[in-house]
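Per-entry structural report
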Amino acid sequence: MLDGLIEAVKALRERLDTHSEHIGANEIRTRATLIDPLLKALG
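First, a word on what this report is: a plain description of the structure on this page. Just so you know, these numbers come straight off a predicted model, no measurement behind them.

**A few points about the packing of helix α1 (residues 2–23) against helix α2 (residues 27–42)**
The interhelical angle for the contact between α1 and α2, taken along N-to-C directions, is 175°, at an axis separation of 10 Å. Viewed along their axes, α1 and α2 adopt a mutual orientation that is roughly antiparallel. Residue-level inspection shows L5, A8, V9, L12, R15, L16, H22 and I23 of α1 in contact with α2, the latter providing R29, T30, T33, L34, P37, L38, A41 and L42. For the contact of α1 with α2, the class distribution of residues is 11 nonpolar, 3 polar and 2 charged.

Shown next as structure tokens:
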């Protein structure tokens with residue numbers, strides 16, 4: 001389980017690094033791109 005969480009966090013970090021100017025543009029995009037995937041990885 002921890003390995004999956006680590007991989008999810010790494011993927012989210014890459015996504016944030018690549019698209020940070022667009023992700024923070026609005027709450028819906030931030031949630032869909034970062035928050036929901038992290039919550040899913042946490043179970």
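**Let's talk about α1**
With 22 residues, α1 extends just 26 Å between its outermost C-alpha atoms, more than 12% less than the 32 Å of an ideal straight helix rising 1.5 Å per residue. In α1, a bend of some 60° at D17 exceeds every other bend along the element. Taken as a whole, α1 has its buried residues at L5, A8, L12 and I23. On its buried face, α1 sits against α2.

What counts and what doesn't
- Residues numbered from 1 in each chain as written.
- Predicted model: local features only at pLDDT ≥ 70, side-chain atom pairs only at ≥ 80, totals over all residues.
- Heavy atoms only, no water.
- Axes fitted to C-alpha atoms, helices over the stretch in contact; angles between N-to-C directions.
- Helix = DSSP H or I, 4+ residues; strand = E, 2+ residues; numbered from the N terminus.
- Parallel < 35°, antiparallel > 145°, perpendicular 65-115°, else oblique.
- Contact = heavy atoms within 4.5 Å.
- Nonpolar A, V, L, I, M, F, W, Y, C, P; charged D, E, K, R; others polar.
- Expected span 1.5 Å × (residues − 1).
- Bend = angle between axes of the 7 residues up to and from the residue.
- Buried < 20%, exposed > 50% of the residue type's maximum accessible area, 1.4 Å probe, protein only.

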